[in-house]
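Here are the chains, one letter per residue:
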Amino acid sequence: MYNIKAAEVKPSITLELSAKAKKLKSDGKQIINLTVGEPNFNTPDYIVKGALEGIEKGFTKYTQTSGIIELKEEIVKKLKSFNNIKYNSSNILVSTGAKQCLFNAIFSIINDGDEVIIPSPYWVSYTEMVRLSGGKSVIVDTSKENEFKIDVKSLDEKLTNKTKILILNNPNNPTGSVYNESELKEIGNWAVKNNVIIIADEIYERLTYDTKHVSIASLSEEIKNNTITISGFSKTYSMTGWRLGYCAAHEDIIKIMNAVQSHTTACANSIAQYAGYVALRDESKYNGITNMIDEFNNRRKKAIDYISKNSNLTINSPKGAFYIFIDIESLIGKSFNGKILNSSIDISEVLLDEFNIAVVPGIGFGNDDYIRISYAADEELIIEGIKRIIELEKLAK
Ligand SMILES: Cc1ncc(COP(=O)(O)O)c(C=O)c1O
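All values derive from a computational prediction rather than experimental measurement.

### Topic: the sheet that holds strand 14 (residues 360-361)
And step 1. Strands sit in the order 9-10-15-14 across an open sheet of 4 strands; the sheet is antiparallel. Sheet topology places strand 9 (314-315) and strand 14 at the edges, where each strand pairs with a single neighbour.
And step 2. With 5 bridges connecting them, strand 10 (residues 323-327) and strand 15 (residues 370-374) associate as antiparallel partners. Bridge assignment links I326 to a residue of strand 15, and that residue is I371.
And step 3. In the packing of helix 12 (residues 288-310) onto the sheet, the strands contacted are strand 9 and strand 10, and the crossing angle to strand 10 comes to about 15°.
And step 4. Of the strands in this sheet, strand 14 and strand 15 touch helix 13 (residues 344-355), which is tilted by about 45° from strand 15.

### Regarding the pairing of strand 8 (residues 245-248)
And step 1. Of the two faces of strand 8, the one holding G245 and C247 and the one holding Y246 and A248 are both buried throughout.
And step 2. Relative to strand 8, strand 7 (residues 227-232) is paired through 4 bridges, and the arrangement is antiparallel. In the sheet register, T229 faces strand 8, and the bridge partner there is A248.

### Let's talk about the environment of L313
And step 1. Examined against the element boundaries, L313 turns out to sit in the loop between helix 12 and strand 9.
And step 2. Take L313: its relative accessible area is 6%, and that puts it in the buried class.
And step 3. In this structure the C-alpha to C-alpha distance between L313 and I328, which are 15 residues apart in sequence, comes to 6.9 Å.
And step 4. Residues contacting L313, with those up to four places away along its chain left out, are I307, I326, D327, I389, I390 and E393.

### Notes on the sheet that holds strand 6 (residues 197-201)
And step 1. Ordered by their spatial adjacency, 7 strands build an open sheet running 2-8-7-6-5-3-4, and the pairing between neighbours is mixed. With partners counted over all chains shown, the strands left at the sheet margins are strand 2 (92-95) and strand 4 (136-141), one partner each. Direction aside, neighbouring strands of the sheet carry axes that sit 20° apart on average.
And step 2. Note that strand 5 (residues 163-169) and strand 6 share 5 bridges and pair parallel. Pairing of L168 across the sheet is with A200, part of strand 6.
And step 3. The strands touched by helix 4 (residues 69-81) are strand 2, strand 7 and strand 8; relative to strand 2, the strand with the most contacts, the crossing angle is about 115°.
And step 4. Sheet strands in contact with helix 5 (residues 97-109) are strand 2, strand 5, strand 6, strand 7 and strand 8, and its direction is about 160° off that of strand 7.

### Comments concerning the pairing of strand 4
And step 1. Examined bridge by bridge, strand 3 (residues 115-120) and strand 4 share 6 bridges and lie parallel to one another. Its bridge partner lying in strand 4, S120 is registered against D141.
And step 2. Handedness of the crossover joining strand 3 and strand 4 through helix 6 (residues 125-132) is recorded here as right-handed.

### Here's the deal with the pattern of salt bridges
And step 1. Counting across every chain of the model gives 25 salt bridges.
And step 2. With a shortest N-O distance of 3.7 Å, E128 and K10 are connected by a salt bridge. In this pair, E128 sits in helix 6 while K10 sits in the loop between helix 1 (4-8) and helix 2 (13-26), placing the two residues 118 residues apart along the sequence.
And step 3. You can call E128 buried: its relative accessible area is 9%.
And step 4. On the basis of relative accessibility, which here comes to 52%, the residue K10 falls in the exposed class.
And step 5. K302 is the salt-bridge partner of E379, the closest N and O atoms lying 3.3 Å from each other. Taken together, the residues span a long stretch of sequence, with E379 in helix 14 (residues 379-395) and K302 in helix 12 at a distance of 77 residues.
And step 6. For E379, a relative accessible area of 24% gives the class partly exposed.
And step 7. For K302, a relative accessible area of 36% puts it in the partly exposed group.
And step 8. The network of salt bridges with shared partners includes E8, K10, E128 and R131.

The rules behind each value
- Residues numbered from 1 in each chain as written.
- Predicted model: local features only at pLDDT ≥ 70, side-chain atom pairs only at ≥ 80, totals over all residues.
- Heavy atoms only, no water.
- Pairing = 2+ DSSP bridges.
- Helix = DSSP H or I, 4+ residues; strand = E, 2+ residues; numbered from the N terminus.
- Contact = heavy atoms within 4.5 Å.
- Axes fitted to C-alpha atoms, helices over the stretch in contact; angles between N-to-C directions.
- Buried < 20%, exposed > 50% of the residue type's maximum accessible area, 1.4 Å probe, protein only.
- Right-handed = clockwise from strand over helix to strand, strands pointing away.
- Salt bridge = Lys/Arg side-chain N within 4 Å of Asp/Glu carboxyl O.

The structure is reproduced here in structure tokens:
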């Protein structure tokens, strides 16, 4: 009766769990919610003021589909200064969050049966977007031994004459892995050689710790022409609810994505666009973002330290984003309070029901041996949440 592809789409497990934790909280339970994928900071004041200025200036109507020129020009400057990629405003498409950019990109490239290579663990929405676009997700497994990174050998094994896209999420959600320049160069050259378009999801680009973010599109002209770089305002400026993202790519693909978007959402919210323009234009005058990054780094270090000193749980020390992917394989097959822990979902359920802590089961990211916690929460809550996970680790038999 309904569209088969749409009916098969699974709702976002992260959003579902976060909603469940919020509901339990509002019912009076003292839940520690470590599922969140958004900074627990307010949008910086100068950006809020920018939005008000936007309203007063009349940025309250439909804009060009691709976004207001003021914002696109600021994005061009930022791509040059931060990402080291040279583009013009005609290479930019502003959308309703990086999520819409990703969907626009996948939908605009894929024909029925085309294959999209997705390194696992992966962000929950990629496989569903591919499904909705009629494509087939081809998963490349990675492991903590190789820092959850792919290489050319693993890509070669998955390459077929139907491979159209490689989705590269760097820094990665959920593992926090960050690729270095030489790793990216190899992957970029592989994609060029094999005519595979790279969708580079760099939404966490500003959140790297003790390491520098490198954009794959900055590494050569050929790689740039073969890459769609996606970023946005949600994570960097704590603007998740404003729904503002953008992508940069060759004009040919931007034109198609632009046409697709013109028939779906038309343009990103005009007030959010103006606020985004101010966010970029005036960032150097404020230090709110640097403070936020430092604070994440501080929490990251404390969380890693606490886990390694107080438990046998293993983690791959994250170098970017704001998540820790915790290996819970040693708990699988054990039981707690009569409940057998057969999967990451069982473990997440026990943690929520018995320990009042919400985490995301790794299966949502394609790996059932892990759970993900977010350190975009208050430090005491992160440590208390970790203590409870360790308690389960000690009590499960
Ligand atoms: C890897 C990744 N890509 C894209 C997004 C979507 O970001 P936006 O809020 O800009 O749509 C998220 C959000 O959690 C994410 O984790």
